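The lines below spell out each chain.
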Amino acid sequence: MRRNQGSMLCPRCGKLVSVSADRCPYCSATRPGLWGFGPVLQRVFGGFLNPVTAIPQVCIAWFVIALLLDPRSALSSSFGLLHILSPAPRALGLLGATSPASLHHGQWWTLLTAIYLHGGLLHILFNVMWIRNLAPEVGRAFGPARFFIIWTVAGALGFLLSNLSPGSPGSLGASGSIFGLMAALIVYGRAIGATLLTRQLWKWALILGVMGLLFPGIDNLAHLGGFAGGWVSATLFRSRLGRPEGRGTQFTALAMVAVTALALLFHLTLALGAITRIIR
């Protein structure tokens, strides 16, 4: 995995430098090749850890797992059309749905795990559709590591705002992060002067916001918080548009991936343990 020879793009200035260089000759960045591990790190998010393609897969996988934890409840027809194939609340709670109670008990990581959980078939189909439309564009505009930071910050901030509201029953789903992706693309469009793009995105955000007010059960505070989180985090990256992702950004994104993955696996273990005890 480590490379001792060859060249790579400097993570600070984006110019071609030697992997073994002590300093970048153009911007004086120290150890741009990171002792030979720099090229590997640059390929990580574009390869097996590419969040643009991985996120929909994780959402679908965790939806299927939630259904399998209580198939009788999921197949019940008593919930109506909007709740076809709805995982049981207990299953979603075991898998990491967030709520004021979970935060009260110190389970802050549910702000991350809840992003990948969905309450019904239409819920996940709608969200995956938006992810597939928006995520590739945000990934191309900002880079995969910045994309995952925007995605995570938007979703977590949306749930935090929702949980802090009086009487909140809790929340789940990727829609807060999706609103964050819209905000990020608006920031990008404003930065490059793409007026038509920003107008269209504002229209989408407004339409979805109105739909949230008209239909019951939609967490509008999570959407608002997600939009704000996406706007702020994308604005922080605005000055780096068109430049390679720096080491700090890559390591921050890797840390977020690690924490999210560990939290999801932790809750999966809890859920499987609970099912095992019931069977026994």
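Going by the structure above, here's the rest.
Fair warning: this is a prediction, and the values are worked out from it, not measured in the lab. (Residues numbered from 1 in each chain as written. Predicted model: local features only at pLDDT ≥ 70, side-chain atom pairs only at ≥ 80, totals over all residues. Heavy atoms only, no water.)

Student: Before we move on, can you summarise the overall build of the chain with the specific residues and values?
Tutor: Scanning the chain from N- to C-terminus turns up twelve helices and two strands. The helix and strand sequence of the chain, counted from the amino end, reads β-β-α-α-α-α-α-α-α-α-α-α-α-α. Counting across all 280 residues of the chain, residues that qualify as buried make up 48%. Look at the contacts in the chain between residues 6 or more apart in sequence, and 71% of them connect residues 24 or more apart. On the chain, roughly 14300 Å² of surface is accessible, and the fraction owed to carbon and sulfur atoms is 67%. (Helix = DSSP H or I, 4+ residues; strand = E, 2+ residues; numbered from the N terminus. Buried < 20%, exposed > 50% of the residue type's maximum accessible area, 1.4 Å probe, protein only. Contact = heavy atoms within 4.5 Å. Areas by Shrake-Rupley, 256 points an atom, 1.4 Å probe, with all protein chains shown as cover.)

Student: Tell me what's going on with the packing of helix 7 (residues 121-142) against helix 9 (residues 175-192), and back it up with residues and numbers.
Tutor: With their axes 9 Å apart at the nearest point, helix 7 and helix 9 run at an angle of 35° to one another. Read as a crossing pair, helix 7 and helix 9 show a hand that is left-handed. Seen from helix 7, the contacting residues are Asn127, Trp130, Ile131, Leu134, Ala135, Glu137, Val138, Ala141 and Phe142; seen from helix 9, they are Ser175, Ile178, Leu181, Met182, Ala184, Leu185 and Tyr188. The residue inventory of the contact of helix 7 with helix 9, partitioned by class, reads 13 nonpolar, two polar and one charged. (Axes fitted to C-alpha atoms, helices over the stretch in contact; angles between N-to-C directions. Left-handed = near helix turned anticlockwise from the far one by under 90°. Nonpolar A, V, L, I, M, F, W, Y, C, P; charged D, E, K, R; others polar.)

Student: Talk me through the side chain of Ser177; I want residue IDs and the actual numbers.
Tutor: Residue placement: Ser177 occurs in helix 9. The buried category is assigned to Ser177, whose relative accessible area is 0%. Among the polar contacts made by the side chain of Ser177, one reaches the main-chain carbonyl oxygen of Trp151 at a distance of 2.8 Å. Not counting residues within four places of it along the chain, the set of residues in contact with Ser177 comprises Ile115, Trp151, Ala154 and Gly155. (Polar contact = N/O pair within 3.5 Å; in protein donor to acceptor, adjacent residues only side chain to side chain.)

Student: Explain the pattern of salt bridges to me, using residue names and the numbers behind them.
Tutor: Going through the model one piece at a time under the given rule, you end up with one salt bridge. One salt bridge in this structure joins Arg140 and Glu137, with 2.4 Å as the shortest N-O distance. In this pair, Arg140 and Glu137 both sit in helix 7, three residues apart, roughly one turn of the helix. Among the residues examined, Arg140 registers a relative accessible area of 60% and is labelled exposed. Judged by its relative accessible area of 38%, Glu137 is partly exposed. (Salt bridge = Lys/Arg side-chain N within 4 Å of Asp/Glu carboxyl O.)

Student: For a nonpolar patch on the surface, give the residues involved together with the corresponding values.
Tutor: On the surface, Phe126, Met129, Trp204, Leu206, Ile207, Val210, Met211, Leu214, Phe215 and Ile218 cluster together into a nonpolar patch covering about 920 Å² of accessible area. Of all the secondary structure elements, the ones that give two or more residues to the nonpolar patch are helix 7 and helix 10 (195-214). If one sorts the elements of the nonpolar patch by residue count, helix 10 sits on top with six residues. Within the fold, Trp204 resides in helix 10. (Patch = residues over 30% accessible without salt bridge, like charges linked within 9 Å, V, L, I, M, F, W, Y side chains within 5 Å.)

Student: With reference to specific residues and values, describe the packing of aromatic side chains.
Tutor: Scanning the entire structure with this criterion turns up nine aromatic pairs. Members of the aromatic cluster, each reached through a chain of ring pairs, are Trp108, Trp109 and Phe266. (Phe/Tyr/Trp six-rings, centres within 6.5 Å; stacked < 30°, edge-to-face > 60°.)

Student: So what's going on with the layout of surface pockets? Which residues, and what values?
Tutor: A volume near 1200 Å³ is recorded for the largest pocket. Looking at the largest pocket, it is lined by 38 residues, and the ones nearest its centre are His123, Pro216, Gly217, Ile218 and Asp219. Of all the secondary-structure elements, those providing two or more residues to the lining of the largest pocket are helix 4 (89-95), helix 7, helix 9, helix 10 and helix 11 (220-237). Counting residues per element, the lining of the largest pocket draws most heavily on helix 7, which supplies five residues. Class assignment for the residues of the lining of the largest pocket results in 20 nonpolar, 17 polar and one charged. (1 Å grid on protein atoms, 1.4 Å probe; cavity = no way out; pocket = protein on both sides within 12 Å on 5 of 7 lines; lining within 4 Å. Points joined across faces, edges and corners; volume = space filled by probe spheres on them.)

Student: I'd like a rundown of the environment of Arg146, residues and numbers included.
Tutor: One can find Arg146 in helix 8 (residues 144-164). The buried category is assigned to Arg146, whose relative accessible area is 2%. With 104 residues separating them along the chain, Arg146 and Gln250 place their C-alpha atoms 7.8 Å apart. Those residues in contact with Arg146 that sit more than four places away from it in its chain are Phe237, Arg240, Arg243, Pro244, Glu245 and Thr249.

Student: Outline the packing of helix 10 against helix 11, listing residues and values.
Tutor: The contact between helix 10 and helix 11 brings their axes to 10 Å, and the two run at 160°. Between helix 10 and helix 11, the crossing angle belongs to the class labelled roughly antiparallel. Side by side, helix 10 and helix 11 meet where Trp202, Ala205, Gly209, Gly212 and Leu213 of the first sit next to Asn220, Phe227 and Trp231 of the second. Residues belonging to the contact of helix 10 with helix 11 are distributed by class as follows: five nonpolar, three polar and no charged. (Parallel < 35°, antiparallel > 145°, perpendicular 65-115°, else oblique.)

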